[in-house]
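The chain contents come next:
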Amino acid sequence: MNGLLDNFLVGIVLLASVSYALYKLGPRNLRKGILKKLSRIVDVAPANQGACGGCDNCGDASIAPKSSPADIRIPVAKIGRRA
């Protein structure tokens, strides 16, 4: 039984080692694809859980809309140069 367990553990470590080598030596597009698939598998919980202050008002109406970088407007005259 110990021999079977040893072979199983060695096989898992060998598979992890080969997978890591292929990941590091492979093309970048392959890396990005693997990371996207893994993130979809791992990220099964909703993103807005957990980090509230406990006010019991966690509805969609309480979430403020996020502004995109295109919404920020700063006049060019207000931007100063650093010395």
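Residues numbered from 1 in each chain as written. Predicted model: local features only at pLDDT ≥ 70, side-chain atom pairs only at ≥ 80, totals over all residues. Heavy atoms only, no water.

A. Summary view of the overall build of the protein. Tallying secondary structure elements over the protein gives 2 helices and 0 strands in all. Buried positions account for 1% of the 83 residues belonging to the protein. (Helix = DSSP H or I, 4+ residues; strand = E, 2+ residues; numbered from the N terminus. Buried < 20%, exposed > 50% of the residue type's maximum accessible area, 1.4 Å probe, protein only.)

B. Representation of a nonpolar patch on the surface within the structure. A cluster of nonpolar side chains, contributed by Leu30, Ile34, Leu35, Leu38, Ile41 and Val42, occupies part of the molecular surface with about 570 Å² of accessible area. Relative to the assigned elements, Leu30 resides in helix α2 (residues 28-42). (Patch = residues over 30% accessible without salt bridge, like charges linked within 9 Å, V, L, I, M, F, W, Y side chains within 5 Å. Areas by Shrake-Rupley, 256 points an atom, 1.4 Å probe, with all protein chains shown as cover. Salt bridge = Lys/Arg side-chain N within 4 Å of Asp/Glu carboxyl O.)

C. Examining α2 more closely. Its 15 residues place the ends of α2 21 Å apart at the C-alpha level, agreeing with the 21 Å of an ideal helix rising 1.5 Å per residue. Within α2, only 0 of the 15 residues are buried, which leaves the element largely exposed. (Expected span 1.5 Å × (residues − 1).)

Read these as spatial facts, not as claims about activity.
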